[in-house]
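So the chains spell out like this:
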Amino acid sequence: TSLIIGGTQDNGSNKWTGASSVTHMYGADGMDCMIDHSNSNILYFSTQNGGLRKSTNGGTTSSGIKPAGSSGSWVTPYVMNPSNSSIIYAGYSDIYKSTNGGSTWSISTTFSGSGAMAHGTNNTSRVYASSGSSIYMSNDAGATWTNVTSNLPSQTITDITVNPDNSPEVWVTLSGFIDGPKVYRSGNAGTTWVNMTGSLPNILVHCIA
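Residues numbered from 1 in each chain as written. Predicted model: local features only at pLDDT ≥ 70, side-chain atom pairs only at ≥ 80, totals over all residues. Heavy atoms only, no water.

### Things to note about the sheet that holds strand β2 (residues 12-16)
Line of reasoning, step 1. A sheet is described by the order of its strands in space; here three strands give the open sequence β1-β2-β3, paired in antiparallel fashion. Two strands lie at the open edges of the sheet, namely β1 (4-8) and β3 (23-26), each paired on one side alone. Mean inter-strand twist for the sheet, computed between neighbouring axes without regard to direction, equals 30 degrees.
Line of reasoning, step 2. Taken together, the three bridges between β2 and β3 define a ladder with antiparallel strand orientation. What sits directly across from S13, in β3, is Y26. (Pairing = 2+ DSSP bridges. Helix = DSSP H or I, 4+ residues; strand = E, 2+ residues; numbered from the N terminus. Axes fitted to C-alpha atoms, helices over the stretch in contact; angles between N-to-C directions.)

Below is the structure:
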């Protein structure tokens with residue numbers, strides 16, 4: 001519970017273990033990251049434009065595992081299967097899937113998941129991914145995908161989160177200085193969406209938990 005890793009612009013990827021200082025693991029712009037939930041020595045962290053790295057010794061050393069030929073956005077999203085930590089997804093210009101912790105990759109779909117990604121917990125076959133204002137859902141661990149944008153506004157999706165006890169309940173945040181459409185919820189895996197913005201002010205919303 002005292003292990004946190006995070007990316008920092010211009011100051012790389014860093015690790016905190018409860019002390020009064022952090023450990024600098026890697027340089028460049030630090031971006032999205034993951035900790036293996038079955039082995040806390042296995043860390044995934046990334047640099048700008050999808051430069052994904054993996055460490056098996058707690059961040060002392062690392063190696064690049066970015067899928068060959070892939071193209072990532074400035075902050076490329078990654079998610080890990082909550083039951084099997086060897087299964088990870090990466091949202092590049094295509095969505096990639098690995099079943100061996102990034103040693104090899106396969107293209108899961110031919111559309112981009114470069115905006116945001118989220119993984120179901122009680123149903124580990126359900127994965128969500130976005131690109132621009134579109135959101136997609138897979139109910140078979142990335143074998144097939146369905147566009148579930150439905151009645152969402154045409155604004156960039158900045159983040160996705162899933163109810164860990166109920167994978168059809170999914171929330172998204174939207175960018176743009178448009179008063180009102182900031183946070184939306186679906187209780188049916190994206191078939192329909194309801195505006196849950198409430199009294200949030202007219203500023204960009206970047207993340208949700």
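### A closer look at the sheet that holds strand β13 (residues 127-131)
Line of reasoning, step 1. On the basis of which strands lie adjacent, the open sheet formed by four strands has the order β12-β13-β14-β15 and antiparallel pairing. Of all the strands in the sheet, just β12 (116-119) and β15 (146-147) have a single pairing partner and so form its edges.
Line of reasoning, step 2. Here β13 pairs with strand β14 (residues 134-138) via five bridges, running antiparallel. Paired with Y128 across the bridge in β14 is M137.

### A look at the layout of surface pockets
Line of reasoning, step 1. Here the largest pocket is characterised by a volume of approximately 530 Å³.
Line of reasoning, step 2. Taken together, 24 residues line the largest pocket, and the ones lying closest to its centre are D32, Y78, V79, M117 and D159.
Line of reasoning, step 3. With four residues, β12 is the single largest residue contributor to the lining of the largest pocket.
Line of reasoning, step 4. Class assignment of the residues belonging to the lining of the largest pocket gives a composition of 15 nonpolar, seven polar and two charged. (1 Å grid on protein atoms, 1.4 Å probe; cavity = no way out; pocket = protein on both sides within 12 Å on 5 of 7 lines; lining within 4 Å. Points joined across faces, edges and corners; volume = space filled by probe spheres on them. Nonpolar A, V, L, I, M, F, W, Y, C, P; charged D, E, K, R; others polar.)

### Remarks on the pairing of β14
Remember that side chains alternate between the two faces of the sheet whenever the strand is regular.
Line of reasoning, step 1. Across the five residues that make up β14, a large majority, four, are buried.
Line of reasoning, step 2. Hairpin connection of β13 to β14: two residues between the antiparallel strands, including G132 at a positive phi of 60 degrees. (Buried < 20%, exposed > 50% of the residue type's maximum accessible area, 1.4 Å probe, protein only.)

### Section: the packing of aromatic side chains
Line of reasoning, step 1. Counted under the stated rule, the structure contains five aromatic pairs.
Line of reasoning, step 2. Note on Y26 and F45: the rings are 6.3 Å apart at their centroids and 45 degrees apart in plane angle, and the pair reads as tilted. Separated by 19 residues along the polypeptide, Y26 in strand β3 and F45 in strand β5 (residues 43-47) bring together distant segments of the chain.
Line of reasoning, step 3. According to the relative accessible area criterion, Y26 is partly exposed, its value standing at 30%.
Line of reasoning, step 4. Owing to a relative accessible area of 1%, F45 belongs among the buried residues under this scheme.
Line of reasoning, step 5. Aromatic pair Y78 and Y92: ring centres 6.1 Å apart, planes at 70 degrees, arrangement edge-to-face. (Phe/Tyr/Trp six-rings, centres within 6.5 Å; stacked < 30°, edge-to-face > 60°.)

### Description of unusual backbone geometry
With the exception of glycine, most residues fall at negative phi, and the peptide bonds are largely trans.
Line of reasoning, step 1. In this structure, N49 is a non-glycine residue whose phi angle is positive, near 60 degrees.
Line of reasoning, step 2. With respect to the secondary-structure elements, N49 resides in the loop between β5 and β6 (51-55).
Line of reasoning, step 3. One non-glycine residue with positive phi stands out, namely A141, at about 60 degrees.
Line of reasoning, step 4. Among the secondary structure elements, A141 is positioned in the loop between β14 and β15.

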